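# Results of the structural survey
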Amino acid sequence: MIKNIYIELTEKFNDGRLRAVICSGQAAVLHRIAVMSKDGDWIIREEQESLSHITQILEGYGAVYRFGAPLDIRWLKEGWSSHFEFMQGNLRIRTDFFTRPPRISSEMLEQLWNESEGKHPPFINKHLLAEMKKTNREKDYAVIGEIARRMENPRDIFLYSRSARDIIELAGAFPKALEEIKDRRELLTKLPCPTDELEKELDAERRKFMHANEERLLKYSDASRKWSEKWPEVRSLVSGRPLTESHAIISKNAEGVLPFAP
Amino acid sequence: MNKMLIKDEFLSEEDLSLSEMGDEELEAYWNFWLELAQSTNEEDKELYSHGVFVQYPVSNHHERNS
């Protein structure tokens, strides 16, 4: 198996049972698509045993909280994310966690947990990776483009492709698949059309996804304003403490300041 | 150039070669990349790459730098 801090952490998070699945940038590496992220991200089980276990593992690495939501179901179930950091030698390791990643339905999450059982390491499939990459960053759409190229089912390629040329070529080869899938992606309803028209649709779609993510982040930013003002005080309270102690202090201080729902 | 031969390109040659790497080679490249990427730690110390937080709170910059 590949030896890497993120694999090592995943193995420890999942000691005894499946609690955490690698997602985002390091999943892109494991799909052999790109190496472009320094941080580790995991979708984790929304249950206390998993959160407590993960906190214990991070404590063993000397991890500290970064500004963010407590690793606590009350916040995580409303889409908040929790962030930690530690040094391993000269490597700065950041670990980010969520139980409800954006654009992933509960059915997709259930499927993720089922298909991840027994995998070493478990990491999200191409569909989920493509959905999670619909962020407000331009570079993520290049990754979606490459993910789509690696998909095998024409229906999946129709849903995620970022190439007008590829889509038009596929439409010629798989008209039935296009007919079955076109209602799930607006720009597919424009076919048949010239390449440059589809390119404009792709650009507009990308902008729409980016704006949607920006609006989502703005909602959380507004909701965390008071917490951000309180953070220096909270940070000084937990300075030098083991993570499990810090967690209890941070959670207590976040109550009533960082809303559970943004 | 023949237009039919043009394909949309998303990622670099280095990224695309990952698919041809065996586990050992990927491990070496991945860990090497993480080492090199540490050079930007100072620049991105306030930033978040994923999740719902984008940047360390501006009002806390003084506290972070002290």
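Residues numbered from 1 in each chain as written. Chains lettered and ligands numbered in written order. Predicted model: local features only at pLDDT ≥ 70, side-chain atom pairs only at ≥ 80, totals over all residues. Heavy atoms only, no water.

### Let's talk about the sheet that holds strand E3 (residues 64–65) of chain A
All names here are of chain A. Taken in spatial order, the five strands of this open sheet run E1-E2-E5-E4-E3, and their pairing is mixed. Lying at the two open borders of the sheet, with one neighbouring strand each, are strand E1 (20–23) and E3. Each of E1, strand E2 (40–44), strand E4 (82–88) and strand E5 (91–98) touches helix H1 (residues 5–13); the most contacted strand, E5, lies at about 45° to it. Sheet strands touched by helix H3 (residues 48–60): E1, E2, E4 and E5. Its angle to E5, the strand with the most contacts, is close to 175°. (Pairing = 2+ DSSP bridges. Helix = DSSP H or I, 4+ residues; strand = E, 2+ residues; numbered from the N terminus. Contact = heavy atoms within 4.5 Å. Axes fitted to C-alpha atoms, helices over the stretch in contact; angles between N-to-C directions.)

### As for the interface of chain B and chain A
Residue-level contacts link 41 residues of chain B with 55 residues of chain A. Taken together, the two surfaces of chain B and chain A that pack against each other cover about 4,400 Å², and 55% of this comes from carbon and sulfur. Taken as a group, Phe10(B), Trp30(B) and His50(B) account for 19% of the area that chain B buries against chain A, more than any other trio of residues on that side. Seen at the junction of chain B and chain A, the total is four salt bridges. (Buried area = accessible area lost by both parts, 1.4 Å probe. Salt bridge = Lys/Arg side-chain N within 4 Å of Asp/Glu carboxyl O.)

### A short note on the packing of helix H9 (residues 164–173) of chain A against helix H11 (residues 195–223) of chain A
All names here are of chain A. Closest axis-to-axis distance for the H9/H11 pair is 9 Å, and the angle between their directions is 120°. Taken together, the axes of H9 and H11 are oblique relative to one another. Judged by the twist between their axes, the crossing of H9 over H11 is right-handed. Two secondary-structure elements touch here, H9 through Ala 164, Arg 165, Ile 167 and Ile 168 and H11 through Thr 195, Leu 198, Glu 199 and Leu 202. Its residues assigned to classes, the contact of H9 with H11 comprises five nonpolar, one polar and two charged. (Parallel < 35°, antiparallel > 145°, perpendicular 65-115°, else oblique. Left-handed = near helix turned anticlockwise from the far one by under 90°. Nonpolar A, V, L, I, M, F, W, Y, C, P; charged D, E, K, R; others polar.)

### A word on the domain arrangement of chain A
How big an interface is tends to be expressed through the accessible area that disappears when the partners come together. All names here are of chain A. Looking at the assigned domains, one finds that chain A contains domain 1 (5–124 + 227–248) and domain 2 (128–220). Look at where the C-alpha atoms of domain 1 and domain 2 centre, and you get two points 29 Å apart. In this complex, domain 1 contributes 21 residues to the contact, which on the side of domain 2 involves 15 residues. Interface of domain 1 and domain 2: buried area, both sides summed, is about 1,600 Å²; carbon and sulfur atoms make up 70% of it. (Domains from an automatic or database assignment.)

### Some words on the packing of aromatic side chains
If you walk through the whole model with that rule in mind, you get 15 aromatic pairs over all chains. For the pair Tyr6(A) and Trp42(A), a centre-to-centre distance of 6.1 Å together with 50° between the ring planes defines the contact as tilted. Linking Tyr6(A) in helix H1 with Trp42(A) in strand E2, this pair joins segments that are 36 residues apart in sequence. Residues Tyr6(A) and Trp42(A) agree in their burial class; the two are buried. On the basis of an interplanar angle of 70° and a centroid distance of 6.4 Å, the ring pair of Phe67(A) and Tyr56(B) is categorised as edge-to-face. Pair noted here: Phe67(A) is in the loop between E3 and helix H4 (73–76) and Tyr56(B) is in the loop between helix H2 (23–37) and helix H3 (61–65), and the two residues belong to different chains. Of the two residues examined, Phe67(A) and Tyr56(B), each falls in the buried class. These aromatic residues form a ring-pair network of at least three members: Phe67(A), Trp80(A), Tyr220(A), Trp227(A), Trp231(A), Tyr48(B), Phe53(B) and Tyr56(B). (Phe/Tyr/Trp six-rings, centres within 6.5 Å; stacked < 30°, edge-to-face > 60°. Buried < 20%, exposed > 50% of the residue type's maximum accessible area, 1.4 Å probe, protein only.)

### Notes on the pattern of salt bridges
Tallied over the full model, the rule gives 33 salt bridges over all chains. The partner of Arg92(A) in a salt bridge is Asp44(B), with the nearest N and O atoms 2.9 Å apart. One end of the pair, Arg92(A), is in strand E5; the other, Asp44(B), is in the loop between H2 and H3, on a second chain. Here the two residues Arg92(A) and Asp44(B) agree in accessibility, since each one is buried. With a shortest N-O distance of 2.7 Å, Glu138(A) and Arg207(A) are connected by a salt bridge. Within this pair, whereas Glu138(A) is found in helix H7 (residues 138–150), its partner Arg207(A) is found in helix H11, the two being separated by 69 residues in sequence. Using a relative accessible area of 40% as the deciding quantity, one classes Glu138(A) as partly exposed. Bridged by salt links that share partners, the residues Arg17(A), Arg19(A), Glu47(A) and Glu49(A) form one connected network.

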